[in-house]
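Chains, contacts and geometry: an overview
What follows is each chain in one-letter form.
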Amino acid sequence: MRQFRSAASAAVAIAVAIAVAIAVASSPASAQTPAADDALADASVELLQEYLRVDTTNPPGNESRAVDFFARILELEGIPYEAAESAPGRGNIWARLEGGSEPALLLLHHSDVVPADPAFWDTPPLSGQIMDGHVYGRGALDTKTLGILHLQAFLALHRSGRPLNRDVIFMATADEEAGGFYGVGWLVENRPEAFEGVGFVLNEGGRTLVSEAGAKQVGIEVTQKVPVWLRLVASGVPGHGSRPRAESAVTKLLEALDRIREHESEPRLLPVVDRYFRGISEARGEEWAELFLDMASSIREPGFMARLQDHDPNLAALTRNTCSITRLHGSGKINVVPPTAAAELDCRVLPDQDVGAFVAGIQRIAGEEIEAQTMMAFTPAISPTDTYLYATLEAVMQERFPDAVVVPAVSSGFTDSHFLRDLGIAAYGYSPLLVPVQDQAGVHGNNERISIENVRRGTQIMRQVVERIALD
Ligand SMILES: [Zn+2]
């Protein structure tokens, strides 16, 4: 066990002091009162502002600063924790509250954020400034607010002093934005004990969207498209650019890429995707409602896939395997015909797809002259919806937002959840924050922000979820 200690900024110390003062005020006996709820929510806003000011921009990451931030809070609360760096500055931290024998619950979020260009922001991106009822800062949506909600639910559980039916773990990890190999990926390999007994994970990836008309759609992410990153290599006779042969490594590669570009991957419907489309059908308006209610037929209709692709490429991507040709490498010199040429493909396959069969298919299309190499591929996995945890998330969200549609969702991107689904752990992307469609652009974009109302309400909902799961 390695403990990180460093001089935290005075600002952090003050925020922590405030949080702790509030914690002391809300003694276990009064933990359920509205006043205590309010105090917890107030503390969340301050803690979020502090967390947004911790510079964990990845690259380079510096997530050990986030470790310091959480370590101070946990120390003041008297909760033991563990921390480990996967590389200098790349810190991860986790703490476990011990409980009964039910499968442990892991509250996971990543502490790193993507870079932000201040030139395009209305506030400095790392200021945590409050403006128009919103907290601004890189990470407000992805995913420092979620981290604070997890922390507050975790601390409330600890302060209540009530016996837990299972262990509950709080974890903040490095490097998700660059693939997680210095974060969850590293921990799974090097600190497997951190995941001991874990049956369920709550992670980022859940989205509750509010349309401009006010319709709410709660998505609990149960699976993701599986990335299969391929490198296609062609070889040929090298020579001088002034004396070309009919065929070279480059021409072979171009022909193969053309075949891949022209190839239409067959649409098909996973049960979970079918459920998702039915769930969102009403909110998508008349033009789509009936089509989405019967996607099994719709995807067979001529022209439908092209229309869907046009309407929403993200939805189209949920119904088929896809490949984007993203990187090309030929000669290093304009007058040299190279001996090899290569292209890299970002393919994403449906989460029940056999990866070996998929790669063999690409190899067949590319042809014998091309060597398809797998650079990265995850194990396909879908978390079940018939678990107590899923049912609890669904029930709590339906109680809080009676007019919302709650659906299991499939993400076309990926998060750290796949590392845990690979271990057979049920992982859910879940967020109690209601994000207006127009604010979604802040994720990896400009003026990332979250409303104070959301932070406050989210604190209460997350606490309710965690208590319902961990207390009998
Ligand atoms: Zn994220």
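Reading guide: rules and limits
Residues numbered from 1 in each chain as written. Predicted model: local features only at pLDDT ≥ 70, side-chain atom pairs only at ≥ 80, totals over all residues. Core = buried A, V, L, I, M, F, W, Y, C linked by C-beta atoms within 7 Å. Buried ≥ 20, exposed ≤ 12 C-beta atoms within 10 Å, placed from the backbone. Helix = DSSP H or I, 4+ residues; strand = E, 2+ residues; numbered from the N terminus. Domains from an automatic or database assignment. Expected span 1.5 Å × (residues − 1). Arc of directions from axis to C-beta. pLDDT = per-residue confidence, 0-100. Contact = placed C-beta atoms within 7 Å. Pairing = 2+ DSSP bridges. Axes fitted to C-alpha atoms, helices over the stretch in contact; angles between N-to-C directions. Parallel < 35°, antiparallel > 145°, perpendicular 65-115°, else oblique. Left-handed = near helix turned anticlockwise from the far one by under 90°. Nonpolar A, V, L, I, M, F, W, Y, C, P; charged D, E, K, R; others polar.

Focus on the nonpolar core
- Grouped together as the largest cluster of nonpolar side chains are 93 residues, with contacts concentrated most on Phe70, Leu106, Leu107, Val168, Ile169, Val201 and Tyr428.
- A total of 9 residues in this core trace back to one element, the largest contributor, which is helix 4 (residues 144-160).
- The residues that make up this core include at least three from each of domain 1 (10-205 + 415-470) and domain 2 (225-377).
- The next biggest cluster of nonpolar side chains, apart from the first, holds 19 residues, and it includes Leu230, Ala249, Val349 and Ile362.

Some words on helix 12 (residues 355-366)
- Its 12 residues give helix 12 an end-to-end C-alpha distance of 16 Å, which sits within 8% of 16 Å, the value for a rise of 1.5 Å per residue.
- Burial in helix 12 covers these residues: Phe358, Ile362 and Ala366. Taken around the axis of helix 12, the buried residues stretch over an arc of 75 degrees, which confines them to a single face. Projecting away from the buried face of helix 12 at angles above 90 degrees are the exposed residues Gly356, Ala357, Ala360 and Arg364.

Focus: the confidence of the model for the protein chain
- In this model, the protein chain carries a mean pLDDT of 91, and residues with pLDDT of at least 70 account for 93%.
- The model gives residues 1-31 a pLDDT under 50, and that stretch makes 53 contacts with residues more than four places away or in other chains.

Focus: the sheet that holds strand 5 (residues 134-136)
- The antiparallel open sheet is built from 3 strands, whose spatial order is 4-5-19. Lying at the two open borders of the sheet, with one neighbouring strand each, are strand 4 (130-131) and strand 19 (449-451).
- Where strand 4 and strand 5 come together, 2 bridges link them in antiparallel fashion. Note on strand 5: the bridge partner recorded for Met131 is His134.

As for the sheet that holds strand 12 (residues 322-329)
- In spatial order, the strands read 12-14-10-15; together these 4 strands make up an open sheet with antiparallel pairing. Looking at the sheet topology across the chains shown, the edges are occupied by strand 12 and strand 15 (370-377). Strand-to-strand twist across the sheet, computed as the mean angle between neighbouring axes with direction ignored, equals 25 degrees.
- Relative to strand 15, strand 10 (residues 226-235) runs antiparallel, the two sharing 7 bridges. Bridging from a neighbouring strand, Ala234 pairs with Ile370 of strand 15.
- Here helix 6 (residues 249-262) sits on the sheet in contact with strand 10, strand 12, strand 14 (340-349) and strand 15, set at roughly 145 degrees to strand 10.

Topic: the domain arrangement of the protein chain
- Partitioning the protein chain into structural domains gives domain 1 (10-205 + 415-470) and domain 2 (225-377).
- The distance between the C-alpha centroids of domain 1 and domain 2 comes to 36 Å.

A few points about the pairing of strand 9 (residues 216-224)
- In terms of burial, strand 9 is largely enclosed, as 8 of its 9 residues are buried.
- As paired elements, strand 8 (residues 207-210) and strand 9 share 4 bridges and run antiparallel to each other. Across the sheet, the residue bridging to Thr208 is Val218, located in strand 9.
- In textbook terms, the turn of a hairpin is the stretch between consecutive antiparallel strands, and for strand 8 and strand 9 this stretch comprises 5 residues, one of which, Gly214, has a positive phi near 100 degrees.
- Bridge count for strand 9 against strand 16 (residues 405-411) is 7 bridges, and the pairing is parallel. Looking at the pairing, Gly219 lines up with Val407 of strand 16.

Quick notes on the pairing of strand 1 (residues 82-85)
- Pairing geometry for strand 1 and strand 2 (residues 91-97), over 4 bridges, is antiparallel. Opposite Ala83, over in strand 2, you have Ile93 as the bridge partner.
- Counting the residues that bridge the hairpin from strand 1 to strand 2 gives 5 residues, and of these Gly89 lies at a positive phi of roughly 85 degrees.

Observations regarding the packing of helix 4 against helix 15 (residues 452-470)
- It is at 8 Å that the axes of helix 4 and helix 15 come closest, and there the two elements cross at 50 degrees. When the axes of helix 4 and helix 15 are compared, the pair comes out oblique. Handedness of the helix 4/helix 15 crossing: right-handed. Seen from helix 4, the contacting residues are Thr145, Leu149, His150, Gln152, Ala153, Ala156 and Leu157; seen from helix 15, they are Val455, Gly458, Thr459, Met462, Arg463, Val466, Glu467 and Ala470.
- Its residues assigned to classes, the contact of helix 4 with helix 15 comprises 8 nonpolar, 5 polar and 2 charged.

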